[in-house]
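Here is how the chains run, residue by residue.
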Amino acid sequence: MLSLIACCDKTLAIGYKNKLLYHLPADMKHFKEKTEGKICIQGRSTYESIIGITGKPLQNRRNIILTRDQNFKPDYSSFVYHSIEEVLKLIQGQVNTDEEVMVIGGSMIYKAFLPYADKVYLTIVDSESNEADSYFPMLDDHWKVTNKQHNEADEKNKYNYFFLTFENKCRQK
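Let us look at the structure shown here. On a predicted model such as this, the values are computed, not experimentally measured, just so you know.

Right, let's get into helix H1 (residues 25-35). For an α-helix, 3.6 residues make a turn, and residues three or four places apart therefore share a direction. Buried residues of H1: Asp27, His30, Phe31 and Thr35, and no others. Looking down the long axis of H1, one finds its buried residues gathered within 115 degrees of arc, a one-sided arrangement. Opposite the buried face of H1, at more than 90 degrees from it, the exposed residues are Lys29 and Glu33. Looking at the buried side of H1, the elements it contacts are strand E1 (2-8), strand E4 (39-43), strand E7 (101-103), strand E8 (119-125) and strand E11 (161-168). Immediately downstream of H1, the backbone of Gly37 shows phi near 80 degrees, a positive value.

Next up, the structure:
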């Protein structure tokens, strides 16, 4: 099963200058719970952004970096692929059909994998960013909301936000 996970505002904006738009500890916890122990597919810029913040790749995950840069050398614990076809072949060949593989960004990677996705986890922040240069792709009518959780702002999370789960109606078993 292939799933996408992202945090965006009401306009689907996800980032600006290779940085997340919002810092919500509850979303970070949600992200960790959904991705830990799984294969995580990401673009080179997302990978480098994570390294810039944490000093290392995501821990307790199998990090797959998709990049056109043939000379890109990641951390020894991460793996590089140069085409979506290579990554899809990897997923099909090494993953139990019930095992969830996560696509974690950025915008071009989300767009490339959306046609193959079974599920989307979106955290929607009840705000609109004034500055954004990357967006999550629009979901069409093939997607239905199967879970929605409203969360109020608090001392740690500055904005109201929603955890939404979408399932692809065309790919259901």
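Moving on from the coordinates now.
Those residues of helix H2 (residues 44-54) not exposed but buried are Thr46, Tyr47, Ser49 and Ile50. Relative to the axis of H2, the buried residues are bounded by an arc of 160 degrees and lie together on one face. Each element contacted by the buried residues of H2 is listed here: E4 and strand E5 (62-66). Gly55 sits one or two positions beyond H2 and adopts a positive phi of about 85 degrees.

Take the environment of Ala153 next. Residue position: Ala153 is located in the loop between strand E10 (143-151) and E11. Judged by relative accessible area, Ala153 falls into the partly exposed class, the value being 35%. The sequence separation of Ala153 and Asp126 amounts to 27 residues, and the corresponding C-alpha distance is 9.5 Å.

One pass over the structure, following the stated rule, counts four aromatic pairs. Geometrically, the ring pair formed by Tyr22 and Tyr159 is edge-to-face, given 5.1 Å between the ring centres and 85 degrees between the ring planes. In this pair, Tyr22 sits in the loop between strand E3 (19-20) and H1 while Tyr159 sits in the loop between E10 and E11, placing the two residues 137 residues apart along the sequence. Exposure remark for Tyr22: the relative accessible area of 10% places this residue in the buried category. A relative accessible area of 24% means that Tyr159 is categorised as partly exposed. Seen in terms of ring centroids, Tyr161 and Phe163 are 5.4 Å apart; in terms of plane orientation they differ by 65 degrees. Their pairing is edge-to-face. An identical accessibility class is assigned to Tyr161 and Phe163; each is buried. Stacked on the ring of Phe79, the Lys or Arg Arg62 has its end atom at 5.2 Å from the ring centre.

Basis of the calculations
- Residues numbered from 1 in each chain as written.
- Predicted model: local features only at pLDDT ≥ 70, side-chain atom pairs only at ≥ 80, totals over all residues.
- Heavy atoms only, no water.
- Buried < 20%, exposed > 50% of the residue type's maximum accessible area, 1.4 Å probe, protein only.
- Helix = DSSP H or I, 4+ residues; strand = E, 2+ residues; numbered from the N terminus.
- Arc of directions from axis to C-beta.
- Contact = heavy atoms within 4.5 Å.
- Phe/Tyr/Trp six-rings, centres within 6.5 Å; stacked < 30°, edge-to-face > 60°.
- Lys NZ or Arg CZ within 6 Å of the ring centre and 35° of its normal.

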